[in-house]
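# Summary of structural features
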Amino acid sequence: MPAINRRAIPPDAKESFWQAGDGYRLRRIDWPGPVRENGEGARGSILFLPGRGDNYEKYFEALEQWHRAGWRVTAADWRGQAGSGRLGKDAVTGHIGDFSVWVGDLATLWAQWKAETPAPHILAGHSMGGHILLRSLVEGQVDPDALVLSAPMLGFLGPIPNLLAHAAAKLMCAVGDPARPAWKWSEKPGAVPAGREALLTHDDDRYADEMWWRGHRPELVMGPGSWGWVERSYASMQRIFSAGALERVATPVLMLGTSNDKLVAMSAIEEAARRLPNAELVRFGKECRHEILREVDPVRDRAMAAIAEFLDKVAPRK
């Protein structure tokens with residue numbers, strides 16, 4: 001097969017919009033048919049959701065790779081980012097009134113998508129996407145055959161305890177507009193701050209892919225989260241880690257995490273893996289930064305192989 005072009009819409013994929021329950025239009029992309037060489041039907045279906053400030057263009061390599069393995073693949077934006085508009089007061093700040101809005105959107109998309117795609121049905125997500133997927137599973141809003149989480153945002157990295165940090169975020173929302181940015185981005189709106197690549201990946205070329213897409217699709221550009229987003233993040237994390245919540249999840253879950261993550265807390269990922277009855281954790285170290293699926297080949301190959309092995313085991317062909 002030809003090499004995967006990370007800077008082009010894959011030839012079998014089609015972009016479109018879907019409509020949430022309140023009429024809000026959200027962007028999606030679908031690879032509608034399998035490409036298995038043996039002539040059999042689809043291996044199953046994967047629905048992928050990216051992280052905060054992300055867009056599905058960043059993950060074309062992984063999505064196309066799954067498609068070539070025989071999966072029917074869909075990816076979508078979260079409401080208020082990438083090509084699905086904004087919920088704040090400017091074009092670059094990521095804001096949300098409450099994470100339950102995203103949980104509701106996912107529940108609607110899940111029901112529609114599951115009805116139109118072949119089983120087994122897999123949910124996969126990165127960072128904030130992984131957080132929302134796990135919360136939706138905990139709350140019974142989705143029922144995948146398996147869940148794959150890349151560096152899920154289950155805790156923030158930092159010296160301040162979560163309860164104190166949450167209290168500070170509540171205060172910042174009370175004394176000012178919750179939709180205002182919570183951290184400095186750049187003197188030029190939408191410009192990428194120095195040192196950002198060092199937080200995400202060791203792979204210069206894959207990082208450059210994101211910059212290429214931002215240049216060709218300016219609507220993808222997003223900067224900091226709002227204070228409202230920060231405060232609601234802590235509140236949503238508390239729901240996920242509430243007593244007995246994770247312990248009630250029977251779904252097989254694969255988590256990928258790195259101790260070298262400078263954005264999300266590996267300790268929180270480890271805690272979730274311990275508490276989930278049917279979870280596996282693949283650990284990375286200094287060789288891997290936050291965007292595990294967009295890392296250098298040796299790291300990325302190990303991650304993709306672990307996902308394939310997990311899915312072969314927990315979601316066998318039907």
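Residues numbered from 1 in each chain as written. Predicted model: local features only at pLDDT ≥ 70, side-chain atom pairs only at ≥ 80, totals over all residues. Heavy atoms only, no water.

Moving on, we come to the side chain of R135. Tracing the backbone through its elements, the reader meets R135 in helix α3 (residues 128-138). Assessed through its relative accessible area of 5%, R135 is described here as buried. If we ignore the near neighbours within four places in the chain, the residues touching R135 are D98, F99, S100, V103, S236, R239 and I240. (Helix = DSSP H or I, 4+ residues; strand = E, 2+ residues; numbered from the N terminus. Buried < 20%, exposed > 50% of the residue type's maximum accessible area, 1.4 Å probe, protein only. Contact = heavy atoms within 4.5 Å.)

This brings us to the pattern of salt bridges. On inspection of all chains with the given rule, the structure shows 35 salt bridges. Here D203 makes a salt bridge to R206, at a shortest N to O gap of 2.9 Å. What makes D203 buried here is its relative accessible area of 12%. Two residues, E270 and R283, come together in a salt bridge whose shortest N-O distance is 2.5 Å. Note that E270 is positioned in helix α8 (residues 266-275) and R283 in strand β8 (residues 279-284), a separation of 13 residues in sequence. Residue classification places E270 among the partly exposed residues on the basis of a relative accessible area of 23%. Overlapping salt bridges, with partners in common, bring together R6, R7, E61, D203, R206, D209, D297 and R300 in one network. (Salt bridge = Lys/Arg side-chain N within 4 Å of Asp/Glu carboxyl O.)

Its location among the elements puts D22 in the loop between β1 (14-19) and β2 (25-31). Here R79 takes part through its side chain, which lies 2.8 Å from a polar atom of the side chain of D22. (Polar contact = N/O pair within 3.5 Å; in protein donor to acceptor, adjacent residues only side chain to side chain.)

The next point concerns empty space enclosed by the protein. Applying the stated rule across the entire model yields three cavities of 30 Å³ or more. Of the volumes computed, that of the largest cavity is approximately 70 Å³. Residues that form the lining of the largest cavity fall into these classes: four nonpolar, no polar and eight charged. In this structure, the second largest cavity spans a volume of roughly 50 Å³. R52, R79, G80, Q81, G94, H95, W102, M222 and W229 together form the lining of the second largest cavity. Looking at the lining of the second largest cavity residue by residue, the classes come out as three nonpolar, four polar and two charged. (1 Å grid on protein atoms, 1.4 Å probe; cavity = no way out; pocket = protein on both sides within 12 Å on 5 of 7 lines; lining within 4 Å. Points joined across faces, edges and corners; volume = space filled by probe spheres on them. Nonpolar A, V, L, I, M, F, W, Y, C, P; charged D, E, K, R; others polar.)

The subject of this paragraph is the layout of surface pockets. As a volume, the largest pocket reaches approximately 960 Å³. In terms of lining, the largest pocket is formed by 40 residues, of which the most central are R52, F156, W183, W229 and L263. For the lining of the largest pocket, the secondary-structure elements that each account for two or more residues are α4 (162-175), α5 (197-200) and α7 (227-240). Among the elements that take part in the lining of the largest pocket, α4 stands out by supplying five residues, more than any other. Here the lining of the largest pocket is composed, by residue class, of 23 nonpolar, nine polar and eight charged. Of the voids in this model, the second largest pocket is the one considered here, and its volume is about 220 Å³. Split into classes, the residues belonging to the lining of the second largest pocket amount to seven nonpolar, five polar and one charged.

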